[in-house]
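Overview (structure and organization)
What follows is each chain in one-letter form.
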Amino acid sequence: MGAEMKNPWVGKSIKRKEDERLLKGQGQYMVDLIVPRMSHLGFVRSPHASATIKAIDASKALALPGVDTVMTGEDFRGWKSVLSDNSIPNLPGDITKRPEYWPLALDDVKYAGDAVAAVVARDKYTIEDAMDLIDIEYDVHIPVLDAEEALKPDAPLVFPEWGDNIIYHQSMKSGDVDGAFAAADLVVRERVPVHRTGGQPMEMRGCLAKYDAADGLVLWLTTQRPHIIRNLLAEYLDLPLDKVRVIQPKDMGGAFGTKAPFYREDIVASRLAMELGRPVKWIENRVESLTNMGQERDQVHYMEVAFKRDGSILAMRDKIISNIGDARTAIYVGFAMPFVGSMYMTNGNEVPAAEVDLTCVVTNKACITPVRAFGSYAGRIAFDRVLNIAARKLELDQLEMRRKHCIKTFPYDTPLGVHVDSGDFMGSLELAAEQVDYDRFRERQIIAWGKGQYLGVGIGMGIELSGMRSEVLVRMEHMPGFGSATVRFDAHGKVQVSEGDSPHGQGHETTFAQAVAGELGLTPDDVYVTYGDTMSTPFSCGTLGSRGASYTISAAVMAARALRPKMSAIAAHMLELPEETPQREDFLFLDGEAIWIPDDSKRVSIKKIAHVALQAPIHLPPGMEAGLDHTSYYEAPSTGMHSCSVHACTVEVFPETGRFQIMKYAVIDDSGVPINPMLVRGQINGGVGMGIGNATMEEYLYDAQGRQLTSTLRDYCIPSALDLPYVDVVHHNSPSPHTPLGSKGKGEGVPGTSSSCLVNAIENALLPFGVEVTSLPLRPEKIWRLVQAAKAAT
């Protein structure tokens, strides 16, 4: 049957298989795709945040040589709204509203950057000229940009038919919250606003649509969810599913969640290809990217936490107001992220009772989209801010506070309904303290303060989801949560792994090859991974929620293990072992061979087994079917598979200028059983960088008219390598009890933890001034102003 053995390739830091072609400039990105007769697509976007479209005159553009057509919202009048029952979150709130909208703005625009017209031309230069020739007359209105202002009775309405600007509301309560607050020794109340920031992948969005009667619609698309987009596109365009094919290009330059939604541009390109009878390609530019996607966070928290005198938490309350923008991005509609974030408010802390009130508000900004830390970033900042304030009031050390209330016994169910299945949070905390030599650093810090040198140390802790079960996703998204993979031998003894998800830089070609090779006695070079094509991969919900190493690799491992009994039976037959032989089908698969365990001199190459199964089936055991492939679907038995990440850093802050320097940064990481520790470290480094950038540099800013001021990378400042510290990663793993390899996901939650850790360290350095940080971003000017205000108050 194939003996169980430790997977020899799991846990090895081998180089990424993808990297050779990328380093040689041989990657196959969306921009590299060219098909015959292809035209190019561009969008004319509104310069106004709120306006009525009075008239559009495209006659001059249409007269320009090389222009194929111009499409406006009028071309969609009479069509159904983009949102359907299958593309809006089904959540348990007491208020949920559905915005009606079309692929191009019809009658009005709701944010600066709203697509008003689409131009198709034979080259990109003609598109730019044609877009300048389109005359659009607007009746401009006063926009509403701030979520709290949008809740006022006299606020401008984004969707006038609603009567207010609330799209979603939900209250959650568990335990005796009121009794806990009444019995508290200390109650800390803070308003913590967290600004609009997020993620910008290196490669922007793009698509290439081609249509003909034989094959139907083929859409190459920068997407994390090809199968889901296929379903929604077929539904909107009224096409049978067998006439819609979505393909993610071989390579995609990052996503961070931003390429998970169903965007309007995808629909426009598809319809234009169908109507023109020629392929249509769109490549987003950086201004479009910064003004239309990658924006998230943007919440205000009115946080209250009740403490005992020893620092124990009795209960928490939080009123969350989330600015989701115009809400016109299908699948998530802006409010899925804050909903998930509200459930994770207590993070990795033991909190006996909790009450959360979430209000999601529409404004005249771009709709927020998924970004790493999916909705939980702002809540982690807010909760950590209150913990640090309480520690000072109770004269407790921040590390001692976290020791007091981190989750210690597993499984643990939080009062807001999150099931935390496994981990060693206390062990991770202690290791983090060790990495920065916490106690000795505090001694040095006191001496340094006396000399006018402001050193600080910060601790941040976060839990990270490892995928979501169908139990959650079917209710929330009308889509399954299972991971899927097909493992198939070819006639030369190589193995193809076809996965339903679509990677965008995580290294799936390497980690899947490692996991499957080890299960089948091969090397990673014997395994190749395919993905992204809805016509050739098993159905899946796509790449999201840190599910790659937990759900999808688990499916691949299960499929590989399912092949071993057949391989053993073929090997026994090839070795002519009599049917009555004890342990006849007990084989070990190692170093390219099937080795009979009772007598290791009897062995047969795996390549020959594949040859028999596929090209010489006359040599198969009697009655056995030919072929050597299996498809598996993995569904976790636990509703909440989680990992823990604890960060610690030390800083020096210079009060005279507000600048700071990170002296040391360490991450204690639990990824269950890391398949490739080097790639795990890469994910952590990327998450730390994003968190530091979000907390101290990045912010989407708007003027009073709703025009975005940060529409280039010169204005929206993303950290470079020179801005980031070296990150010491220490693996402290608690293998998952639910996955076949013990692996957990890694890639979602790190930014929130790193932001909290760094802010805690900066605030700790400025303790002699009494500085309290209750809002972000924490740029040098803000740090300087906080110091000046604290000095003035003493």
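Described below are features of the structure shown in this document. (Residues numbered from 1 in each chain as written. Predicted model: local features only at pLDDT ≥ 70, side-chain atom pairs only at ≥ 80, totals over all residues. Heavy atoms only, no water.)

This part is about the packing of aromatic side chains. Within the structure shown, the criterion is met by twelve aromatic pairs. Between Phe43 and Trp282 the ring centres are 5.5 Å apart and the planes differ by 90°, which places this aromatic pair in the edge-to-face class. Here Trp282 lies in strand S13 (residues 280–283) and Phe43 lies in strand S1 (residues 39–45), a separation of 239 residues in the sequence. Looking at Phe43, the relative accessible area reads 6%, which means it is buried. Of the residues examined, Trp282 reaches a relative accessible area of 2% and is grouped as buried. (Phe/Tyr/Trp six-rings, centres within 6.5 Å; stacked < 30°, edge-to-face > 60°. Helix = DSSP H or I, 4+ residues; strand = E, 2+ residues; numbered from the N terminus. Buried < 20%, exposed > 50% of the residue type's maximum accessible area, 1.4 Å probe, protein only.)

What follows is about the nonpolar core. Buried together is how nonpolar side chains tend to be arranged in soluble globular proteins. Ranked by size, the top nonpolar core spans 156 residues in total, and within it Leu41, Ile167, Phe262, Phe307, Met316 and Val651 carry the most contacts. In contact with Val651, not counting residues within four places along its chain, are Tyr454, Leu455, Gly456, Gln661, Ile662, Met663, Leu758, Ala761, Ile762 and Ala765. In this structure, Leu522, Ala556, Leu563 and Tyr634 belong to the second largest nonpolar core, which totals 46 residues. (Core = buried A, V, L, I, M, F, W, Y, C linked by side-chain atoms within 4.5 Å. Contact = heavy atoms within 4.5 Å.)

Here we take up the sheet that holds strand S22 (residues 527–530). With mixed pairing, four strands are arranged side by side in an open sheet as S22-S21-S20-S26. A strand with exactly one partner marks an edge of an open sheet, and here the two such strands are S22 and strand S26 (629–634). Ignoring strand direction, the axes of neighbouring strands in this sheet form an average angle of 20°. Of the pairings in the sheet, the one linking strand S21 (residues 495–499) to S22 comprises four bridges and is parallel in character. What sits directly across from Val495, in S22, is Val527. (Pairing = 2+ DSSP bridges. Axes fitted to C-alpha atoms, helices over the stretch in contact; angles between N-to-C directions.)

Remark: helix H10 (residues 377–393) packs on helix H11 (residues 398–405), axes separated minimally by 9 Å, with the N-to-C direction vectors making an angle of 115°. Taken as axis vectors, H10 and H11 run roughly perpendicular relative to one another. When the axes of H10 and H11 are compared, the crossing they make is right-handed. Of H11, the residues touching H10 (which contributes Asp384, Leu387, Asn388, Ala390 and Ala391) are Gln398, Met401, Arg402 and His405. Across the contact of H10 with H11, the residue classes break down as four nonpolar, three polar and two charged. (Parallel < 35°, antiparallel > 145°, perpendicular 65-115°, else oblique. Left-handed = near helix turned anticlockwise from the far one by under 90°. Nonpolar A, V, L, I, M, F, W, Y, C, P; charged D, E, K, R; others polar.)

Below, the discussion takes up the side chain of Ser736. Of note, Ser736 is situated in the loop between strand S29 (727–731) and helix H19 (750–765). Aside from chain neighbours lying at most four places away, what touches Ser736 is Asp421, Met641, Gly672, Gly742, Ser743 and Lys744.

What follows covers the pattern of salt bridges. Under the definition given, this model contains 60 salt bridges. The partner of Arg16 in a salt bridge is Asp19, and the shortest N-O contact between them spans 2.8 Å. Arg564 is paired through a salt bridge with Glu519; the nearest N and O atoms lie 3.0 Å apart. Here Glu519 lies in helix H15 (residues 508–520) and Arg564 lies in helix H16 (residues 548–574), a separation of 45 residues in the sequence. Like Glu519, Arg564 is buried. Here the residues in one salt-bridge network are Lys173, Asp178, Arg189, Glu304, Arg317 and Glu355, joined through shared partners. (Salt bridge = Lys/Arg side-chain N within 4 Å of Asp/Glu carboxyl O.)

Note that all results are geometric; they support no functional claim without further evidence.
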